[in-house]
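Per-entry structural report
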Amino acid sequence: MADTATANRSITTEFMKGIVRDNPVFVQVLGMCPTLAVTTSVANGIGMGLATTFVLLFSTVIASMLKNIVPNQVRIPVYAVVIATFVTIADLVLKAFFPPLSASLGPYVPLIVVNCIIMGRVEAFATRNSPGPSIIDALGMGAGFTVSLMVLGAVREILGNGALLGIQLFGEGFTPMLVMILPRERSSRSVFSWQSSTR
Amino acid sequence: MRKMIIVLTAVMVLSGLVLAATYTSLSPRIEANRVAALNASLASIFADQVADVADLEFEELDTDGPTVYRGSAGDGALLGYAVRVQTQGYGGTITMLAGVAPDLETILGIEVVEQIETPGLGGNITNESFKQQFEGLSTREPIEYVKNIEPSKADNEIQAISGATITTKAIVNGTNSTLDRAIEIIRRQVQ
């Protein structure tokens, strides 16, 4: 009985660490590119988070099963192929079943391949643990990533568009702060050009 | 050394097989989605001319330039042509349709098929209020966009989306140049 209790607690701890203590976005500061690029709305955040969780889950399971077979020299290429395979599957499934979401996430789905959260968890956790704990770890990290993207997406959608999940929250009087949803390179470029011009 | 090659090869081959299977099983669905999106866009260009959208029929013309669809009602009456316009926006390629009336001089409207512009800025090209501005414009003169002032239909003007001039410019330029070429081709084919 005592053993099961400890096991249960450690499963919860293992899962929760991805959401709070080792949150991939807010604590580990990993995967910043997709985080900044797709969190212009809550729906995009959820879609990206779930797609990444799917890839993370299957990649870590395969990696932890293969850890004793794969020679050290080809470890990274093998995991890269495994990750790329699942990313391509996720991309095709999104295109087939969720075309609008796939269109709004655009090139960021294929780019999950280079999301450092995935390589990070495969290297730091899956290659040192058996498939069971790896599943829990992947689910926790995936949930942490998804929740983080949802929170950022909610803030940016409310301030930048006056909406949440596409539903308008305020009346005509609300002026959206466009800077909140300016994406990727443009926002960083304008910040840098502002810095250089004030220097 | 040998194990290294065997493992890497095996993983690659397995991955190839899995991907081939996934692609084969999903590609009909992906293609169907693409066709459905195109048909929905074609339908909305001619929708206000028929009582029932299901009566619309489209036929792709055989052209050596832009893709042109001939739109007709159930009884075969020509409703106009829809021209596929591809243009480079801010976020990537914008694919849209521009409809012209059978006289080839009046624009019926535009419809955005695919775009990855910034949501809330360039993404607003999918809003009805933006698309409606093109209805009734002339193909004899190029469409122009104006900022901060009221556009005039008589001068073939539309209002640019604020904060998304690059996107607006891409749509206007793409529509102008593609329509010019397409209309010439349609004229040649019809005569």
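Just so it is clear, the structure is predicted and the values come from calculations on it, not from any experiment. (Residues numbered from 1 in each chain as written. Chains lettered and ligands numbered in written order. Predicted model: local features only at pLDDT ≥ 70, side-chain atom pairs only at ≥ 80, totals over all residues.)

1. Some details on the interface of chain B and chain A
The cut-off we apply is this: Distance between backbone-placed C-beta atoms decides contact: two residues are in contact if it is within 7 Å. For the purposes of this entry, the term helix denotes a DSSP run of H or I that reaches at least four residues, the term strand denotes a run of E that reaches at least two, and both are numbered from the N terminus. Gly counts as polar in this scheme, as do all residues outside two lists: the nonpolar Ala, Val, Leu, Ile, Met, Phe, Trp, Tyr, Cys and Pro, and the charged Asp, Glu, Lys and Arg.
Across the contact, 24 residues belong to chain B and 28 residues belong to chain A. The leading source of residues in the side of chain B that touches chain A is helix 1 (residues 2–46) of chain B, at 16 residues. Looking at the side of chain B that touches chain A residue by residue, the classes come out as 14 nonpolar, seven polar and three charged.

2. Structural notes on the nonpolar core
Stated formally: By definition, a nonpolar core groups buried Ala, Val, Leu, Ile, Met, Phe, Trp, Tyr and Cys residues that are joined through C-beta atoms within 7 Å. Burial is judged by counting the other C-beta atoms within 10 Å of a residue's own C-beta: 20 or more makes it buried, 12 or fewer makes it exposed, and any count in between marks it as partly exposed, with every C-beta position built from the backbone.
By size, the foremost hydrophobic cluster in this structure holds 37 residues, and its most contacted members are Tyr-81, Ala-82, Val-83, Met-96, Leu-97, Ala-98 and Val-100 of chain B. If you list the elements that add at least two residues to this core, you get helix 1, strand 2 (68–72), strand 3 (78–88), strand 4 (93–100), strand 5 (107–114) and helix 3 (165–190) of chain B. Beyond its immediate stretch of four places on either side in the chain, Ala-98 of chain B contacts Val-83, Val-85, Ile-107, Ile-110, Thr-175 and Leu-179 of chain B. Counting residues in each nonpolar core, the second largest holds 35 residues, with Ala-63, Tyr-79, Val-87 and Tyr-108 of chain A among its members.

3. As for the sheet that holds strand 2 of chain B
All names here are of chain B. Selection criterion: Here the rule is simple: two strands pair whenever DSSP picks up at least two bridges between them. Angular values range over 0 to 180 degrees, each being the angle between N-to-C directions of two axes fitted as lines to C-alpha atoms, with helices fitted over their stretch in contact.
With antiparallel pairing, five strands are arranged side by side in an open sheet as 1-2-3-4-5. Where the open sheet ends on each side, the last strands, each with one partner, are strand 1 (57–60) and strand 5. In this sheet, adjacent strand axes meet at a mean angle of 25° when their direction is disregarded. Where strand 1 and strand 2 come together, four bridges link them in antiparallel fashion. Residue Glu-59 lies in a different strand from strand 2, and its bridge partner there is Arg-70. Helix-sheet contacts for helix 1 involve strand 1, strand 2, strand 3, strand 4 and strand 5, and the interaxial angle to strand 5 is about 160°. Those strands touched by helix 3 are strand 2, strand 3, strand 4 and strand 5, and its axis lies near 135° from that of strand 3.

4. Let's talk about the pairing of strand 5 of chain B
Residue and element names in this part refer to chain B. The element strand 5 is largely enclosed, with a buried count of six among its eight residues. Bridge count for strand 4 against strand 5 is six bridges, and the pairing is antiparallel. When the sheet's bridge partners are listed, Thr-95 is paired in strand 5 with Glu-114. Hairpin geometry of strand 4 and strand 5 is characterised by an intervening segment of six residues between the two adjacent antiparallel strands and by a positive phi of about 65° at Leu-104.

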